[in-house]
Amino acid sequence: MTKHFYIFGLTLFAYSTCFSQASRYFMPDTLPEFHIYSLLTPDGFATGIKRKVEYIYKDNEYIVNEINGTYQNVMSTTLRHVKFSNHQVLVTYSKKKNSLGMTEVKRFNPPAILLEIPKGNETVGWVNKETGEKYTARYVIINEGGEGGLPKKYLATYRRDGNVIEAQYYKLGFGLWKTAMIKNGASTTLYRLGY
């Protein structure tokens, strides 16, 4: 009985260490897992462009593999090795490959911030050293089911590109939910899960 309790305690400790608040917004609670997103037109219709994100735990490492393209052709891939603190997602290695077969590999020592989790109602900001782009993040409440749905808390990150802001929304225990473009205050869904 004592031995079983000890083993359960070690398992629970490992689970709570690996599944920090940052990891639970960035990755699904169960691994391996994959999500498929569709690129939408401005009026919300699905196109043939897909984004598949694979979440893997292998050889004591967390790996996220993103594949962009159609069901027939791969246009680009990005593979990242990530680690977590309670409030940060850190990338240690990335490998990007485009449709021409050109590959770019980067190693980060110290690890680079990929995502930062706000504390409370604050807004946090950081520079992504992998891309050189500036990001901010804060919590938002979204009624994801539309009219009659229940409001839920999401983590939203923002990146400005000229007069357009790209927003990504993360759900606790699930990972990335959708990507949107915001221009002149109006939001258009760019990638959405399950289409």
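Think of each chain on its own: its residues are numbered from 1, step by step along the sequence as written. In keeping with the predicted nature of the model, local features appear solely for residues at pLDDT of at least 70, side-chain atom pairs appear and are counted solely at 80 or more, and the whole-chain, interface and lining totals rest on all residues. For the side-chain quantities, the full set of heavy atoms in the structure was used; hydrogens and water were omitted.

### Focus: the sheet that holds strand β9 (residues 151-161)
Note on pairing: DSSP must find at least two bridges between two strands before they are called paired. Secondary structure elements follow DSSP: runs of H or I no shorter than four residues count as helices, runs of E no shorter than two count as strands, and numbering proceeds from the N terminus. With antiparallel pairing, the 12 strands of this open sheet are ordered in space as β6-β5-β4-β3-β2-β1-β12-β11-β10-β9-β8-β7. Looking at which strands have only one partner, the edges of the open sheet turn out to be β6 (103-116) and β7 (124-128). Pairwise comparison of adjacent strand axes, ignoring direction, gives a mean angle of 25 degrees for this sheet. As defined by bridge partners, strand β1 (residues 33-40) adjoins strand β2 (residues 46-58) across 7 bridges and the pair is classed as antiparallel. Think of each axis as a best-fit line through the C-alpha atoms, taken over the contacting stretch in the case of a helix, with angles from 0 to 180 degrees between the N-to-C directions.

### Brief notes about the confidence of the model for the chain
What pLDDT expresses is the predictor's confidence in each residue, scored from 0 to 100. When pLDDT is averaged along the chain, the result is 85, and 86% of the positions lie at 70 or above. In this model, residues 1-17 is a region of pLDDT below 50 whose contacts with residues beyond four sequence positions or in other chains number 1 contact. In this analysis, two residues are considered to be in contact whenever any of their non-hydrogen atoms come within 4.5 Å of each other.

### What about the pattern of salt bridges?
We define a salt bridge as a side-chain nitrogen of Lys or Arg found within 4 Å of a carboxyl oxygen belonging to Asp or Glu. All chains considered together, the criterion is met by 8 salt bridges. Put simply, Glu66 and Arg51 hold a salt bridge, and the shortest N to O gap is 3.7 Å. You can see Glu66 sitting in strand β3 (residues 61-69) and its partner Arg51 sitting in strand β2, a full 15 residues away along the chain. Classification of residues uses two cut-offs on accessible area relative to the type maximum, computed with a 1.4 Å probe and protein chains only: under 20% is buried, over 50% is exposed, and between them is partly exposed. Looking at Arg51, the relative accessible area reads 15%, which means it is buried. Note that Lys106 and Glu104 form a salt bridge whose closest N and O atoms lie 3.9 Å from each other. The class of Lys106 is partly exposed, set by a relative accessible area of 26%. One network of salt bridges, in which partners are shared, links Arg80, Lys96 and Glu130.

### With respect to the packing of aromatic side chains
Stacked, tilted and edge-to-face are the three classes assigned to paired rings of Phe, Tyr and Trp, where Trp is represented by its six-membered ring and a pair needs centres within 6.5 Å; plane angles under 30 degrees give stacked, over 60 edge-to-face, the rest tilted. Applying the stated rule across the entire model yields 7 aromatic pairs. Ring centres of Tyr25 and Tyr139 lie 5.9 Å apart, and the angle between their planes is 45 degrees; on these two criteria the pair is classed as tilted. One end of the pair, Tyr25, is in helix α2 (residues 21-26); the other, Tyr139, is in strand β8 (residues 133-143), and 114 residues separate them in sequence. Here Tyr25 matches Tyr139 in class, with each residue buried.

### Let's talk about the nonpolar core
In this structure, Phe26, Val82, Val89, Leu115 and Leu155 are the most contacted members of the largest nonpolar core, which totals 24 residues. Mapped onto this core, the elements with two or more residues apiece are α2, β2, β3, β4 (74-84), β6, β7 and β8. Those residues in contact with Phe26, other than ones at most four positions away along the chain, are Tyr55, Val64, Val82, Phe84, Val89, Leu114, Leu115, Tyr170, Gly175 and Leu176. For the purposes of this section, nonpolar cores are sets of buried Ala, Val, Leu, Ile, Met, Phe, Trp, Tyr and Cys residues that join through side-chain atoms within 4.5 Å. Of all hydrophobic cores here, the second largest spans 10 residues; its members include Ile142, Tyr154, Tyr169 and Trp177.

### Some thoughts on unusual backbone geometry
Leu31 connects to Pro32 through a cis peptide bond whose omega is -5 degrees. Along the chain, Pro32 turns up in the loop between α2 and β1. Asn109 connects to Pro110 through a cis peptide bond whose omega is 10 degrees. With respect to the helices and strands, the residue Pro110 is situated in strand β6. Unlike most non-glycine residues, Asp59 shows phi in positive territory, near 50 degrees. Here Asp59 is to be found in the loop between β2 and β3. Among the residues examined, Asp59 registers a relative accessible area of 65% and is labelled exposed. Non-glycine residue Asn60 carries a positive phi angle of around 60 degrees. Summarising the element assignment, Asn60 is placed in the loop between β2 and β3.

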